[in-house]
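# Report on the structure
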Amino acid sequence: MDLRRPNRPVIGPKVRQVGFVTPDSAAATASSSIPAVSAAAAAAAATSAGSPPSSLSPVMIPPPRHPSTEMSNPHFHPVGSYNPSEQILGSPPALSPSRSSRFDADGSDFGGDDDESVALSGVGAGMTPKSSLLMRQPVTKTVPLVSETHKRDSNVSKGKGAGPSAAPKEKLTKAERRATQEAQRAAKAAAKEAAAAGGAPSVSKQPKPATKPATQQKKDVPSGSGLLQPLAPSGSIEKKQGKKEVAAPHPRMQFDDMTKVGKLKKRAVVNQSEARNRVELFRHLPQYEHGTQLPDLELKFFQLDPIHPSVYQVGLQFLSDKISGGNGRCIAMLLAFKEVIQDYTTPPEKTLTRDLGAKVGSCVSFLIECRPLSVSMGNAIRFLKNRISSLPHNLSDKEAKSRLQSDIDRFINEKIIIASKAIVEHGVSKIRDGDVLLTYGSPSVVESIFAYAHGIKKNFRVVVVDSRPKHEGQGLLRRLVERGIHCTYTHLNAVSYVMHEVTRVFLGASSVLSNGTVYSRVGTACVAMVAHAFRVPVLVCCEAYKFHERVQLDSICSNELGDPDAISKVSGRKDLNYLDGWAQNENIQLLNLKYDATPSDYVSVLVTEQGMLPPTSVPVIIREYGIERLWT
Amino acid sequence: MWWRSASFIRDRQNQNPKPSSLLHSALDDSPSPTSTSMAALNPNPNPISAYYQTRAEHHAVVTSDWLAQSVEAAAGDVAVSSGGAEGGSKGEGGGVGVIEEFNYWRKKPDLAEAVAAIMALAAVIRSSEATTMNELDIELKKASNNLKSWDTTSISLSAACDLFIRYVTRTSALEYEDFDAAKRRLIERAEKFGEISLKARKTIAMLSQDFISDGCTILVHGYSRVVLEVLKMAASNKKLFHVLCTEGRPDRTGLRFSKELAALGIPVKLLIDSAVAYAMDEVDMVFVGADGVVESGGIINMMGTYQVALVAHSMNKPVYVAAESYKFARLYPLDQKDLEPALRPIEFGVPIPSGVEVETSARDYTPPQYLTLLFTDLGVLTPSVVSDELIQLYV
């Protein structure tokens, strides 16, 4: 700052800018805006501004930001203020025109000084939200944990409170709007995550029984209409951008954002009715009641021409859990895509690379609706799209199709089948005679390791640990016993008892993230931790195509929710009916997680086709052999 | 004296068939040196680790008994090599000749085992009658497999073989005018390896100077030429430091090490191996060498390194490892027993009561979480980088 100060008189527009947004005037506008709100709405405003950090546990759900703040005033994002509220938005209407014009001026007159001017404007703009926040902070702190009903009230009163502030907004000129749009695009990338976390309480929180969430959604809109109406222009922008992107929900989409979920539903093929009593911590994850929609979807079969029947079939199999497991799902999907490519003809006046990419995108979005993608599938899709877009333009349709199909075959062969063979070879080298091996669930690679080790006459015993509700281990147990391997079967509850006799733990993984965290079937972390406590080596077997450059520290940010009924009912025990009709009771929240994250400390070694690696080497493999670097 | 010990008697019983089988393999094995027959007729069925035997010969405080035994062994080797030399030269090469060559180089106390291995492979190239790169490659692979199975306990031997094979595979004859030029280039490269190894030690010594400060106390375990080089350079840089040296039972390599340090004028104190925890609170850092650095970033070193590292870790003292990068091996032991057993005779000075077993393993595995840094000729690395380097080298 000190260095810049002497420069200021030289650069005219900056002086004007800084002069305009003095802290004093900002504070004045902010303070004047507070009385403008009625006393009744004050508490509501406070909750909308400050409740998220106080009401939620220290978990990483981004603070709900109101959509309106997001869309109409993106200038605030780069500044780093975390929670601008309606008051600030509404009150300084003159602020944004000046700023937008300044941007123009900077662009034309002072091209060389861009970064400096941005930095200065950042300081200038930062004052406003900061100072107003400071003023509001005491109010925020006095508000205790917000109850459900309180939130509902606040939602309504927010609408009222925002009323006056909405009025000056409509006076935005065309130029301003354009400037806003541009800034939005810039801010979008940075704010994507945060934007998705928008603050409105989710649909399922409504007190009425959610028999028809779609109508409920409609009912919701009028109650918040005071907020939504002035947003019309920016909303339409959103839509345009959404069309440009893939129609699928963003894989990291936060499902507690009401508006986004609503939009998603309009496009959805699968009738997604939401389970009602969602656990607070896991609200951002999609959760649907699966039971009733299968026949529904089957009826739609003849109405849906854009989706290829083979994709449709695979989607239904995902939905009904007929195909599960990372490799199985990935192979099924790729084979379906192969058929899609086989039956594809480029429509007139379109190019294959673009149109086929879009088509695959729509298939993927259908599959996501059936069940969220696994990381392995995501990587495979990335690979396929990469191949499609890198096709030379002068290829004929036939050549291009056959090339893509052979690419898919090669992916399945090299990255999945041959890779698992290599893993088997590496894994077997760690089995000695007299070992007791423990596995959890039914990982396909581990099964083939055991089968191969048995085939080469190693003398070992297997402990299969299983868990409710899927009991996948029973299938594994049956196949191992049929091969003549000596097995013990137990449930996760007894793992600490059996662990003392175990000499090696073999686990599978849905994916391995770049900090070495293993993302796998729920319960894996538990087994790994018990093994670590007993100082038993934990071998995680995973093909390198499941590695992902993301970093995840817990199982909360990204996960998949299963059917809550699966854990509330015990098959074969009719007398255990305590939870019958639980969906009607607001006080019960059932959580059926599908995955969990095992920290890398509990993993002794990763067995991949590249050899045995410490979990710290995942980034090296991603760097050297990432999906992007495949045949490009 | 120690031949009275139970372990020795047992070992000798195992050892007895050795000469005949070695000769047998020398004469019969060369026609069909396939991997299965190699495994069946292991050319060196001696349960005593050849690697640790060499180390003991070079660095131990040698007792007269040991000397007599080693002379005997050397004589046996010579007999074998004279018999095998003919077989090797007239055979398809690779077979046994490489092992004598290796043994010849191995006897030189200044050479690292890896250098000896590469010299032996260079000799194979020299005597090879292959006419294409591919043939040479196959021949070399055969020779290196022979060498590796001759002494399965030596990590630097197998790592050096792998490294050299890798180098040969990457060198294509196309880069040179003809096959002979490529061959010459390989031999030249192999002969330079001794120099490279010495240079690596110098590099490591340079890199580790920053970590030795005036007035610090260093605990050393085992006899490591690299660690000696490091301390030598620190002393020549006029740094003032203390060294605590463990005794290094059973071959007392620590005694020898302390002698060398005292000759350099470094104040040194000798500890018995069991006094490590007692002395640890006055120690500022632990310095060890390594027989091998494995993929996890852990090290395999002389017995006792693991417990030194454990004690240091529990007292928050840094553990530094000095190792040349040719000791990096694609191994991943999961626990102590997950290694090829490397046995050695242990002398207790008194007769072992009958019915008592003796643990004769010569080395242990120190997991990476107990190591602070590795000083290598590639730079100062954290343990997790080892796997990075190995992946780039081999995969």
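Residues numbered from 1 in each chain as written. Chains lettered and ligands numbered in written order. Predicted model: local features only at pLDDT ≥ 70, side-chain atom pairs only at ≥ 80, totals over all residues. Heavy atoms only, no water.

### Examining the overall build of chain A
Along its length, chain A carries 26 helices and 11 strands. Counting every position in chain A, which comprises 632 residues, the buried fraction comes to 50%. Nonlocal contacts in chain A, meaning residues at least 24 apart in sequence, comprise 79% of its contacts between residues at least 6 apart. Counting every atom, chain A has about 29700 Å² of accessible surface; 58% of that belongs to carbon and sulfur. (Helix = DSSP H or I, 4+ residues; strand = E, 2+ residues; numbered from the N terminus. Buried < 20%, exposed > 50% of the residue type's maximum accessible area, 1.4 Å probe, protein only. Contact = heavy atoms within 4.5 Å. Areas by Shrake-Rupley, 256 points an atom, 1.4 Å probe, with all protein chains shown as cover.)

### Section: the confidence of the model for chain B
Residue and element names in this part refer to chain B. Looking at chain B, the pLDDT average stands at 78 and 77% of residues meet or exceed 70. Here residues 1–10 is modelled with pLDDT under 50, and outside its nearest four sequence neighbours on either side it reaches 21 contacts, counting other chains as well. Overall, residues 16–42 carries pLDDT values under 50, and its contacts beyond four positions in sequence, including any with other chains, amount to 23 contacts. (pLDDT = per-residue confidence, 0-100.)

### Describing the side chain of A:Asp407
Residue and element names in this part refer to chain A. With respect to the helices, strands and loops of the structure, aspartate 407 is situated in helix H20 (residues 397–428). Accessibility expressed as a relative area gives 4% for aspartate 407, which makes it buried. A distance of 2.8 Å separates the side chain of aspartate 407 from the side chain of arginine 387, its partner in a polar contact. Dropping the residues within four chain positions of it, aspartate 407 is found in contact with Phe383 and Arg387. (Polar contact = N/O pair within 3.5 Å; in protein donor to acceptor, adjacent residues only side chain to side chain.)

### Examining the confidence of the model for chain A
Residues and elements named next belong to chain A. Summing up the model confidence of chain A, the mean pLDDT is 69 and the portion of residues at 70 or higher is 53%. Residue range residues 1–170 is modelled with pLDDT below 50. Its contacts to residues more than four positions away, or to other chains, number 176 contacts. Throughout residues 195–247 the model reports pLDDT below 50, and contacts reaching past four residues in sequence, or to other chains, amount to 82 contacts.

### Considerations on the packing of aromatic side chains
Within this structure, the stated rule accounts for 16 aromatic pairs over all chains. Residues A:Tyr519 and A:Tyr595 carry aromatic rings whose centres are separated by 5.0 Å and whose planes lie at 20° to one another, so their mutual orientation is stacked. You can see A:Tyr519 sitting in strand E6 (residues 518–521) and its partner A:Tyr595 sitting in strand E9 (residues 595–598), a full 76 residues away along the chain. When the ring centre of A:Phe318 is taken as origin, the NZ or CZ atom of A:Arg329, which lies over that ring, is 5.2 Å away. Over the ring of B:Tyr167 we find B:Arg189; its NZ or CZ atom is 4.8 Å from the centre of that ring. (Phe/Tyr/Trp six-rings, centres within 6.5 Å; stacked < 30°, edge-to-face > 60°. Lys NZ or Arg CZ within 6 Å of the ring centre and 35° of its normal.)

### Description of the sheet that holds strand E10 (residues 605–608) of chain A
Residues and elements named next belong to chain A. Ordered by their spatial adjacency, seven strands build an open sheet running E3-E2-E1-E4-E7-E10-E11, and the pairing between neighbours is mixed. The sheet is open, and its two edges are formed by strand E3 (486–491) and strand E11 (611–613), each paired on a single side. The average angle at which neighbouring strand axes cross in this sheet is 25°, direction not considered. Relative to strand E2 (residues 460–466), strand E1 (residues 435–440) runs parallel, the two being bridged by six bridges. Its bridge partner being in E2, valine 436 is matched across the sheet by arginine 461. (Pairing = 2+ DSSP bridges. Axes fitted to C-alpha atoms, helices over the stretch in contact; angles between N-to-C directions.)

### A short note on the interface of chain A and chain B
With 21 residues of chain A at the interface, the matching set in chain B holds 17 residues. Summed over both partners, the interface of chain A with chain B comes to about 1400 Å²; 51% of that surface belongs to carbon and sulfur atoms. Among the residues of chain A in contact with chain B, A:Lys430, A:Arg432 and A:Pro614 are the three that bury the most area, contributing 26% of the side total. At the boundary of chain A and chain B, one finds four salt bridges. Across the pair B:Asp335 and A:Arg504 runs a salt bridge whose closest N-O atoms are separated by 3.3 Å. For the pair chain A and chain B, the number of links is eight residue pairs in polar contact (both at pLDDT 80 or more). (Buried area = accessible area lost by both parts, 1.4 Å probe. Salt bridge = Lys/Arg side-chain N within 4 Å of Asp/Glu carboxyl O.)

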